[in-house]
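Observations on the three-dimensional arrangement
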Amino acid sequence: GCPPMHGSSDPPSENALIDTMPDASVPAIRVQSVTKSYGAIRAVTGLSFDLPRGGVCGLVGSDGAGKTTLLRMVATMIPPDSGTIRVNGKDVIGERHLVKEMIGYMPQRFGLYTDLTVSENFDFFMDIYGVSGAERPQRRDRYLGFSNLLPFLDRRAGDLSGGMKQKLGLACVLVHEPKVLILDEPTTGVDPVSRSEFWEILSQMRGMGKTILVSTAYLDEGEKCDRLILLHDGCILADATPREIRGGHTDLEEAIIQRIQSMAHPPEVR
Ligand code: ATP
């Protein structure tokens, strides 16, 4: 089982709810009692949380904490063993294709075609999602523009820098204009300036009312989230705002390391 969780159960108030979906009270993502094992390895245990519409929720935790497993389940790629996950009220198993239309999922190793140019990669994703006619140039301008890739349309994806590849990946998962983004460590291995540019784009996406669930290994990025879910050993250790998780500590990193270490060496009960 999991230890008792720290954090408020109320959603953070700064989340903008400017989405135009009919019933704004339905959470963008609802995870209820979700457990998943790979053979004998328990990857996540009894996870439950709701994300309201709009805002950025960061998923943090050490390697093997279960972040990728959780994101893959929300993105309909693998089924939970037990529990339910709903995206805008739709079940990730029973209503898989409805969910797939509503989400943009960027896995850790996102499949760009390295021999194709920036423009050809983007066109390919528009083909897959059936974007046609006058919408095509508009979406190209909007999302490659957003990602500052318009000057590089004819460059082969294989020749882009790490940060530019990730921005192209993000542009490609936006072609069908999903309301919910699920991003698995999109900035890992990317230099600090490019990471900060990437987060600038996420901040604009938030401004458009999108709900973003993003895992990160960088706690300076955690600071930029409206809310943080700290996973450890497949359990939620904390679910609160970065400020709440930081508590009395000088920085988030220190607060999180201490929280994880206190799990490994819990204070003795008297
Ligand atoms: P990382 O950041 O290193 O990817 P993570 O927090 O995303 O870590 P997961 O990849 O979800 O963690 O892994 C959770 C646990 O499940 C780990 O113990 C991992 O070894 C195990 N695991 C993940 N995928 C598989 C798989 N396909 N087969 C067996 N075990 C797996």
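Just above sits the structure.
Everything in this summary refers to the structure shown in the same document. (Residues numbered from 1 in each chain as written. Predicted model: local features only at pLDDT ≥ 70, side-chain atom pairs only at ≥ 80, totals over all residues. Heavy atoms only, no water.)

What is meant by a disulfide is a covalent connection between two cysteines, made through their sulfur atoms. Across all of its chains, the model carries zero disulfides by this definition. Not part of a disulfide, cysteine 225 finds its nearest cysteine sulfur in cysteine 57, a span of 7.0 Å. (Disulfide = S-S within 2.5 Å.)

Mapping glycine 189 onto the fold places it in the loop between strand 7 (180-184) and helix 6 (192-207). The exposure class of glycine 189 is exposed, given its relative accessible area of 66%. Taking the C-alpha atoms as reference points, glycine 189 and glycine 163, separated by 26 residues in sequence, lie 8.4 Å from one another. (Helix = DSSP H or I, 4+ residues; strand = E, 2+ residues; numbered from the N terminus. Buried < 20%, exposed > 50% of the residue type's maximum accessible area, 1.4 Å probe, protein only.)

What follows covers the sheet that holds strand 4 (residues 82-87). The four strands are arranged 2-1-4-5 in an open sheet whose pairing can be described as antiparallel. The open sheet has two edge strands with one neighbour each: strand 2 (41-51) and strand 5 (90-91). Bridge analysis of strand 1 (residues 29-38) against strand 4 gives five bridges, and the strand direction is antiparallel. The residue of strand 4 that forms the bridge with threonine 35 is serine 82. Along the sheet face, helix 1 (residues 67-74) touches strand 1, strand 2 and strand 4 and points at about 120 degrees away from the line of strand 1. (Pairing = 2+ DSSP bridges. Contact = heavy atoms within 4.5 Å. Axes fitted to C-alpha atoms, helices over the stretch in contact; angles between N-to-C directions.)

Let's shift gears to the pairing of strand 3 (residues 55-60). Of all the six residues making up strand 3, six are buried; the element is thus mostly covered by neighbouring parts of the structure. Side chains Gly55, Cys57 and Leu59 of strand 3 all project onto a buried face; the interleaved residues Val56, Gly58 and Val60 project onto the opposite face, where all are buried too. Here five bridges tie strand 3 to strand 8 (residues 211-215), and the two strands are oriented parallel to one another. Of the residues in strand 8, the one forming a bridge with leucine 59 is serine 215. Here four bridges tie strand 3 to strand 9 (residues 227-232), and the two strands are oriented parallel to one another. Of the residues in strand 9, the one forming a bridge with valine 60 is leucine 230.

With that out of the way, let us pick up unusual backbone geometry. With a phi angle near 40 degrees, glutamate 185 is a residue other than glycine that sits in the positive phi range. One can find glutamate 185 in the loop between strand 7 and helix 6.

The next thing to look at is the pairing of strand 7. Most of strand 7 is tucked away: five of the five residues are buried. Side chains of strand 7 alternate between two faces, with Val180, Ile182 and Asp184 and Leu181 and Leu183 buried alike. Two elements, strand 6 (residues 103-106) and strand 7, share four bridges in a ladder whose sense is parallel. Opposite isoleucine 103, over in strand 7, you have valine 180 as the bridge partner. Alignment of strand 7 against strand 8, held across five bridges, turns out to be parallel. Counterpart to leucine 183 in the pairing with strand 8 is valine 214. Read as a crossover between parallel neighbours, the route from strand 7 over helix 6 to strand 8 is right-handed. (Right-handed = clockwise from strand over helix to strand, strands pointing away.)

Counting buried positions along helix 1 yields six of eight residues, so the element is predominantly enclosed. Turning to helix 1, its buried residues number three or more, namely Lys67, Thr69, Leu70, Leu71, Met73 and Val74. Immediately downstream of helix 1, the backbone of threonine 76 shows phi near 70 degrees, a positive value.

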